[in-house]
Amino acid sequence: MDTQIFIPFRPSQYQFGAATASIKMSDSKERFFRYFQAEITAIQGQIDDLATISSVGGERQDCIDTVLTGISRLSNEVMDAGDYIPAYDQRTYSQAIKALTDKLNETTARFTSKSRFQFKSKSSKQSSGAASQTDPRLRTVFSNVGSKQSPVLNPAERDAVSGTVHVKDYNEELEQQSGVRKPSFSSAKNIAIYDHSGLHIMLPSTATRATSSGSLKELERCVVDMMIPTSTGTPFAGLALKDIQRSLIVAGQVAGPVQITGLEHSIVVVAARQVRIHECKNVDVYLHCASHPIIEDCSGMRFAPLPELYINRLKLEGENQWDQVDDFKWLKSEASPNWNILSEEERILSDVWKNSVCGSPSLSTDDILRQVGVLDM
């Protein structure tokens, strides 16, 4: 059972000379405490998910790099918060970060100690076969999820792997198709789509087996619709959107956290348990969220509830906190200028969602982006 890391305290309470200063300081400490807890939980979840991610094509290493970046960023934020966090609390935060780093090291050590391509002596063949029967990781051949850096195995490596290795590059397949792209992802463990421009991508129901995690990055002027595979009881465990410009992303449902980083002039539609948004500019988010959305280093963010069409398809229930946004880089008492609520008059009409976004053979990618207003952002 995985060890859970948590902060076993509430922020320290201190009395200050001025009542107003005390209130503002206490509020800042409380907000940072909630933010830190959410970030620790999200990073811990990413570490736990590493075992389910294929190492083929560097996908697992990309996720490890993301975790390391998150830990480093969180450590810097603890130091930056020294103006309003007492030394005792800072030490406790630092201990939690150290525990998280140790957990990552232990997890990655298990991977590196079990290299996939090993040449064993004849005397070790019998024990190796027994191990492969008890440990499914030693007999499973992971399929590629779309990396353009997929390795070409030489004959010796192929002989070292039991069974046939089949590496399928779904991103290359997307470039070769025409019209609305519908990659099956039927032989993948997770979804990774990146480095595309001007494409309309709609995942079919066959992608339901690949929703252990999702990653979209380096997209421009694209429409990506992942609603179908996540609306049949198989939501993404986690989802990362990164470096996307002038695009419409219908992400579907995510059971865990969503990380949105470096998006500009785009629209995101998603239902998730947690949403964290970093370094984004001029992005509209149509959202159903079970917790407070978090933004940081963002500007021009606008939020709206998930369209009724998608609420019905996903059969969503429970409280929606789409408008309870926390800006962790805005600690003043007045409202943050970095986000606001998208007015009903400016929201996309229901018939556009139904008849254009969901797929019309007569519309190009730019036609759809123009109808939802992305090209005017």
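Here the structure is a predicted model, which is why all the values come from computation and not from measurement. (Residues numbered from 1 in each chain as written. Predicted model: local features only at pLDDT ≥ 70, side-chain atom pairs only at ≥ 80, totals over all residues. Heavy atoms only, no water.)

Peer 1: Would you mind showing me how to read the packing of aromatic side chains here?
Peer 2: We describe a pair of aromatic rings using the distance from one ring centre to the other and the angle between the two ring planes. For the coordinates displayed, the defined rule picks out eight aromatic pairs. Note on Tyr310 and Trp353: the rings are 5.7 Å apart at their centroids and 75 degrees apart in plane angle, and the pair reads as edge-to-face. Within this pair, whereas Tyr310 is found in helix 8 (residues 308-314), its partner Trp353 is found in helix 9 (residues 350-357), the two being separated by 43 residues in sequence. What makes Trp353 buried here is its relative accessible area of 2%. An aromatic cluster of at least three residues, connected via ring pairs, comprises Phe32, Tyr35, Phe36, Tyr93 and Phe328. A cation over an aromatic ring shows up here: Lys217 above the ring of Tyr194, its NZ or CZ 5.6 Å from the ring centre. (Phe/Tyr/Trp six-rings, centres within 6.5 Å; stacked < 30°, edge-to-face > 60°. Helix = DSSP H or I, 4+ residues; strand = E, 2+ residues; numbered from the N terminus. Buried < 20%, exposed > 50% of the residue type's maximum accessible area, 1.4 Å probe, protein only. Lys NZ or Arg CZ within 6 Å of the ring centre and 35° of its normal.)

Peer 1: Sorry, what's going on with helix 2 (residues 59-80) here?
Peer 2: For helix 2, which comprises 22 residues, the first-to-last C-alpha distance of 32 Å matches the rise-based estimate of 32 Å (1.5 Å per residue) to within 8%. Within helix 2, burial applies to Glu59, Arg60, Ile64, Val67, Gly70, Ile71, Leu74, Glu77 and Val78. Angularly, the buried residues of helix 2 cover 150 degrees about the axis, an arc narrow enough to put them on a single face. Structural note: helix 2 exposes Thr69, Met79 and Asp80 on the side pointing more than 90 degrees away from its buried face. (Expected span 1.5 Å × (residues − 1). Arc of directions from axis to C-beta.)

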